[in-house]
Amino acid sequence: MIAFLVMLAGVLVISLVAPWWAASIWIIAIATVSKLNRKQGIFAGVLALGFAWLAMAFYMSIHDNANIITKTAELLKLSKVLMFVVTSLIALITGLLSGWLGSALGDLVHPVRKVNT
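Residues numbered from 1 in each chain as written. Predicted model: local features only at pLDDT ≥ 70, side-chain atom pairs only at ≥ 80, totals over all residues. Heavy atoms only, no water.

A word on the environment of Met7
Then, number 1: Relative to the assigned elements, Met7 resides in helix α1 (residues 2-17).
Then, number 2: Since its relative accessible area comes to 0%, Met7 is described here as buried.
Then, number 3: Note: C-alpha distance between Met7 and Ala52 (45 residues apart in sequence) is 9.9 Å.
Then, number 4: If we skip the residues at most four places from it in the chain, Met7 touches Trp26, Ile27, Ile30, Ala31, Leu36, Ala44, Gly45 and Ala48. (Helix = DSSP H or I, 4+ residues; strand = E, 2+ residues; numbered from the N terminus. Buried < 20%, exposed > 50% of the residue type's maximum accessible area, 1.4 Å probe, protein only. Contact = heavy atoms within 4.5 Å.)

Description of the pattern of salt bridges
Then, number 1: Enumeration over the complete set of coordinates arrives at one salt bridge.
Then, number 2: With a shortest N-O distance of 2.5 Å, Arg38 and Asp107 are connected by a salt bridge. One end of the pair, Arg38, is in helix α3 (residues 38-62); the other, Asp107, is in helix α5 (residues 80-109), with 69 residues separating them in the sequence. (Salt bridge = Lys/Arg side-chain N within 4 Å of Asp/Glu carboxyl O.)

Describing the confidence of the model for the chain
Then, number 1: For the chain, the mean per-residue pLDDT works out to 89, and 96% of the residues sit at or above 70.
Then, number 2: Here helix α4 (residues 68-75) is the element of the chain with the lowest mean pLDDT, 85, and helix α2 (residues 22-33) is the one with the highest, 94. (pLDDT = per-residue confidence, 0-100.)

Here's the deal with the packing of α1 against α3
Any two packed helices are characterised by the angle at which their axes cross and by the distance between the axes.
Then, number 1: Taken N-terminus to C-terminus, the directions of α1 and α3 make an angle of 40 degrees; their axes are 9 Å apart at the nearest point. In this structure, α1 crosses over α3, and the sense of that crossing is right-handed. Residues Phe4, Met7, Leu8, Val11, Leu12, Ser15 and Leu16 of α1 touch α3, and the partners they reach there are Ala44, Gly45, Leu47, Ala48, Leu49, Phe51, Ala52, Trp53 and Met56.
Then, number 2: For the contact of α1 with α3, the per-class residue count stands at 14 nonpolar, two polar and no charged. (Axes fitted to C-alpha atoms, helices over the stretch in contact; angles between N-to-C directions. Left-handed = near helix turned anticlockwise from the far one by under 90°. Nonpolar A, V, L, I, M, F, W, Y, C, P; charged D, E, K, R; others polar.)

Examining the side chain of Thr94
Then, number 1: As for its placement among the helices and strands, Thr94 is situated in helix α5.
Then, number 2: Among the polar contacts listed, one links the side chain of Thr94 to the backbone oxygen of Ile90, at a separation of 2.8 Å.
Then, number 3: When neighbours within four sequence positions are excluded, Thr94 is seen to be in contact with Trp20, Ser24 and Leu49. (Polar contact = N/O pair within 3.5 Å; in protein donor to acceptor, adjacent residues only side chain to side chain.)

A short note on the environment of Trp20
Then, number 1: Looking at the element boundaries, Trp20 is found in the loop between α1 and α2.
Then, number 2: Of the residues examined, Trp20 reaches a relative accessible area of 55% and is grouped as exposed.
Then, number 3: Sequence separation of Trp20 and Trp53 is 33 residues, and the distance between their C-alpha atoms is 9.7 Å.
Then, number 4: Beyond its immediate chain neighbours, meaning those up to four positions away, Trp20 contacts Trp53 and Thr94.

Written out as structure tokens, the structure is:
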């Protein structure tokens, strides 16, 4: 739970000031350091990036005085709602892959020791 909250907070801050891919590096790092298993890493990554990007899309849509989102949707022959869906889908896939990679790297960095009995 703490790893997810750290992921979410970091993704929100990083997504506002850095390129889109920087948030996935943050998720990979937190999943690696937190020793999350595959399911936990994937679930936390999907939720953190999906929620953050969806919240940012709604926020930016509300404060979009130049109607950039609507104009982009028109250029792509999509509705504004479908733009949110596409953004969310990209975020979910990116979060899934980032969480998975972070947990896999965590297994390499923190190998599980088997106790001989």
